[in-house]
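# Coordinates in review
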Amino acid sequence: MFILGITGGIATGKSTVSRMLSELGIPVIDADIIAREVVKPGTFGYNSVVAKFNHLEGESIILPDGNIDRAKLGAIIFSNPEKRKELNSILHPLIRVSMLWKTFKHYITATPIVVLDVPLLFESSLDRFTSANAVVYCPESIQEARLIARDHCDRTVAQQRMSSQLGIEAKREKADWVIDNSGDLEATRRSVHDLIEKIRPSMFKTLLQLTVPISILSSGLFGIFLKAKSK
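Since we're looking at a predicted model, the values are computed, not measured.

Let's shift gears to the sheet that holds strand E5 (residues 177-180). Paired through backbone hydrogen bonds, the strands of a sheet run either parallel or antiparallel to each other. An order of E2-E3-E1-E4-E5 is seen for the five strands of this open sheet, with the pairing classed as parallel. Unpaired on one side and paired on the other, strand E2 (28-30) and E5 mark the two borders of the sheet. Going from strand to strand, the sheet's axes swing by 25° on average, the running direction of each strand aside. Pairing between strand E4 (residues 132-137) and E5: four bridges, direction parallel. Looking across to E5, one finds that alanine 134 is bridged to tryptophan 177. Here helix H1 (residues 14-23) sits on the sheet in contact with strand E1 (2-8), E2, strand E3 (113-117), E4 and E5, set at roughly 150° to E1. Most of the contacts of helix H9 (residues 185-199) go to E5, to which it runs at about 155°, and overall it touches E1, E3, E4 and E5.

So, in structure tokens, the structure goes:
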């Protein structure tokens with residue numbers, strides 16, 4: 001199975017590319033979706049985040065329906081690197097385990113390609129578990145303008161959010177492939193199609209993966225992820 005890591009900066013178009021991949025029938029394991037799942041009311045993640053951050057700055061981060069107010073939580077962590085680190089220490093291990101399980105289920109059904117959509121792919125060192133990585137790219141000037149238009153924020157807030165991640169140019173240098181999303185959607189779609197044609201495994205390789213003892217694979221992967229979690 002080919003595991004493709006997809007990353008990018010905030011507002012560079014990573015979600016758009018992931019939708020295009022889904023349209024091609026490729027499973028996308030989205031870290032942002034999982035991040036919401038692990039903080040649903042009643043979960044360990046939810047209780048841990050509420051205990052750490054609720055009323056931290058004098059107001060509740062809990063919405064009337066019981067869910068966490070992501071906007072208020074984001075305002076806390078984007079302006080405070082230490083608080084952001086604390087939140088990541090709670091959520092990242094939970095997200096990793098969930099992504100591992102979802103990936104493993106695709107492995108045992110001989111899925112040819114699986115995409116891990118992870119905003120902090122390089123920052124969290126999850127790129128070590130992928131076959132290759134692609135960054136969804138646009139210049140920082142376009143990224144900033146898109147973020148301001150999307151979130152209706154000012155330039156200071158936009159730059160603050162962008163600086164909370166590894167810069168897009170640095171991600172571009174680390175990636176195996178670059179999907180340029182600076183232009184129109186059709187150009188981006190062509191880049192996505194070209195990439196998938198290059199990495200698609202042969203049927204022989206896909207079937208061969210089933211000859212690996214699943215018990216050995218699962219125990220090995222769990223060990224790797226748990227080791228990464230402890231760092």
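The topology assignment puts serine 18 in helix H1. Classification of serine 18 as buried rests on a relative accessible area of 6%. Not counting chain neighbours up to four residues away, the residues in contact with serine 18 comprise Ile6, Val28 and Asp117.

The subject of this paragraph is the packing of helix H3 (residues 44-53) against helix H5 (residues 81-108). Running from N to C, H3 and H5 cross one another at 170°; their axes reach a closest spacing of 10 Å. When the interaxial angle is binned, H3 and H5 end up roughly antiparallel. The residues of H5 that touch H3, namely those facing Phe44, Gly45, Ser48, Val49, Lys52 and Phe53, are Lys83, Glu86, Leu87, Ile90, Leu91 and Leu94. Of the residues belonging to the contact of H3 with H5, the class tally is seven nonpolar, two polar and three charged.

Let's shift gears to the packing of aromatic side chains. In total, this model carries one aromatic pair according to the counting rule given. Each ring, one from tryptophan 101 and one from phenylalanine 104, has its centre 6.1 Å from the other, and the planes form 25°; the classification is stacked. With a gap of three residues between them, tryptophan 101 and phenylalanine 104 both fall in helix H5, about one helical turn apart. Look at tryptophan 101 and you get partly exposed, because its relative accessible area is 45%. Between the NZ or CZ atom of arginine 172 and the centre of the ring of tyrosine 137, over which it lies, the distance is 4.3 Å.

This brings us to the side chain of aspartate 117. Among the secondary structure elements, aspartate 117 is positioned in strand E3. A polar contact of 2.6 Å, which involves the side chain of aspartate 117, links it to the side chain of lysine 14.

In this structure, Val49, Phe53, Ile68, Leu73, Leu91, Ile95 and Met99 are the most contacted members of the largest nonpolar core, which totals 32 residues. Within the residue set of this core, elements represented by two or more residues are helix H2 (31-37), H3, helix H4 (70-78), H5, E3 and E4. At five residues, H5 tops the list of elements feeding residues into this core. In terms of nonpolar packing, the next biggest core, distinct from the first, is built from 17 residues, Val115, Ala132, Ala134 and Ile179 among them.

The rules behind the values
Sequence order as written defines residue numbering, which begins from 1 separately in each chain. Given that the model is predicted, a residue must reach a pLDDT of at least 70 before its local features are reported, and side-chain atom pairs must reach 80 or more before they are shown or counted; all residues, however, enter totals for whole chains, interfaces and linings. Excluded from the side-chain calculations are hydrogens and water; all other atoms, namely the structure's heavy atoms, are used. Should DSSP find at least two bridges between two strands, the strands are regarded as paired. Only DSSP runs of H or I reaching four residues or more are called helices, and only runs of E reaching two or more are called strands; each is numbered from the N terminus. Whenever a helix is involved, its axis is fitted only over the stretch in contact; in every case the axis is a line through C-alpha atoms, and angles between N-to-C directions fall within 0 to 180 degrees. Here a residue-residue contact requires only that any non-hydrogen atoms of the pair lie within 4.5 Å. Three labels apply to residues, based on accessible area from a 1.4 Å probe with only protein chains included: buried if under 20% of the type maximum, exposed if over 50%, partly exposed otherwise in between. Note that the term roughly parallel is reserved for angles under 35 degrees, roughly antiparallel for angles over 145, roughly perpendicular for angles of 65 to 115, and oblique for everything else. When residue character is reported, Ala, Val, Leu, Ile, Met, Phe, Trp, Tyr, Cys and Pro are called nonpolar, Asp, Glu, Lys and Arg charged, and the others, Gly included, polar. Each aromatic pair joins two rings of Phe, Tyr and Trp (for Trp, the six-membered one) with centres within 6.5 Å, and gets the label stacked for planes under 30 degrees apart, edge-to-face for over 60, and tilted for any other angle. Each ring is checked for a lysine NZ or an arginine CZ that lies within 6 Å of its centre and within 35 degrees of its normal; such an atom marks a charge sitting over the ring. Here a polar contact is taken to be a pair of N or O atoms separated by no more than 3.5 Å, where protein atoms must pair a possible hydrogen donor with a possible acceptor and residues adjacent in sequence count only if both atoms sit in side chains. For our purposes a nonpolar core is just a set of buried Ala, Val, Leu, Ile, Met, Phe, Trp, Tyr and Cys residues, chained together by side-chain atoms within 4.5 Å.

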